[in-house]
Amino acid sequence: MRVVKINAVWCSGCLVMNNVWKKVLKVHDIDTLSLDYDMNEDEVLTYSPGNILPVFIFYSNDKEVKRVVGEVSYEEMLEVVEGILDEENN
């Protein structure tokens, strides 16, 4: 699994989700590319993130399989991650 995380320094929801993501990474080792919406604008636009931040784009076998947009709880994020890992292992 690989994740592209798009956020911005001015985004309060992004700050909340940074903490959630750090907790997830304590449980699962996930390759994460973190992009700042303003600093990496050209690259960010290639992912079509929309207007709500943060955006977590999950890839499995080089295909996008899920997007999480905005704030979610740690439990919800962990459920998404573990669901994708389960699919990869079957």
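In the block above lies the structure referred to throughout.
About the thresholds
- Residues numbered from 1 in each chain as written.
- Predicted model: local features only at pLDDT ≥ 70, side-chain atom pairs only at ≥ 80, totals over all residues.
- Heavy atoms only, no water.
- Helix = DSSP H or I, 4+ residues; strand = E, 2+ residues; numbered from the N terminus.
- Contact = heavy atoms within 4.5 Å.
- Axes fitted to C-alpha atoms, helices over the stretch in contact; angles between N-to-C directions.
- Parallel < 35°, antiparallel > 145°, perpendicular 65-115°, else oblique.
- Left-handed = near helix turned anticlockwise from the far one by under 90°.
- Nonpolar A, V, L, I, M, F, W, Y, C, P; charged D, E, K, R; others polar.
- Patch = residues over 30% accessible without salt bridge, like charges linked within 9 Å, V, L, I, M, F, W, Y side chains within 5 Å.
- Areas by Shrake-Rupley, 256 points an atom, 1.4 Å probe, with all protein chains shown as cover.
- Salt bridge = Lys/Arg side-chain N within 4 Å of Asp/Glu carboxyl O.
- Lys, Arg positive; Asp, Glu negative; His and termini not counted.
- Charge placed at Lys NZ, Arg CZ, Asp CG, Glu CD.
- Core = buried A, V, L, I, M, F, W, Y, C linked by side-chain atoms within 4.5 Å.
- Buried < 20%, exposed > 50% of the residue type's maximum accessible area, 1.4 Å probe, protein only.

## Section: the side chain of His-28
Next, step 1: Relative to the helices and strands, His-28 resides in the loop between helix H1 (12–27) and strand E2 (31–36).
Next, step 2: In contact with His-28, other than residues within four places in its own chain, are Leu-78, Val-81, Glu-82 and Leu-85.

## Examining the packing of H1 against helix H3 (residues 74–89)
Next, step 1: One can describe the packing of H1 onto H3 by two numbers: an axis separation of 10 Å at closest approach and a directional angle of 50°. The angle between the axes of H1 and H3 places the two elements in the oblique class. The two elements H1 and H3 cross, and the hand of that crossing is right-handed. Where H1 approaches H3, its residues Met-17, Val-20, Trp-21, Lys-23, Val-24 and Val-27 are matched on the opposing element by Tyr-74, Met-77, Leu-78 and Val-81.
Next, step 2: Partitioned by chemical class, the residues of the contact of H1 with H3 number nine nonpolar, no polar and one charged.

## Observations regarding a negative patch on the surface
Next, step 1: A contiguous patch of negative charge, built from Glu-75, Glu-76, Glu-79, Glu-82, Asp-86 and Glu-87, is present on the exposed surface.
Next, step 2: For Glu-82, the position within the fold is in helix H3.

## Quick notes on the nonpolar core
Next, step 1: Membership of the largest hydrophobic core comes to 15 residues, with the highest contact counts inside it found for Trp-21, Val-24, Phe-56, Phe-58 and Met-77.
Next, step 2: With six residues, the single largest contributor to this core is H3.
Next, step 3: Dropping the residues within four chain positions of it, Met-77 is found in contact with Met-17, Val-20, Trp-21, Val-24, Phe-56, Phe-58, Val-68 and Val-72.
Next, step 4: Grouped together as the second largest cluster of nonpolar side chains are 12 residues, Val-4, Tyr-47, Ile-57 and Tyr-59 included.

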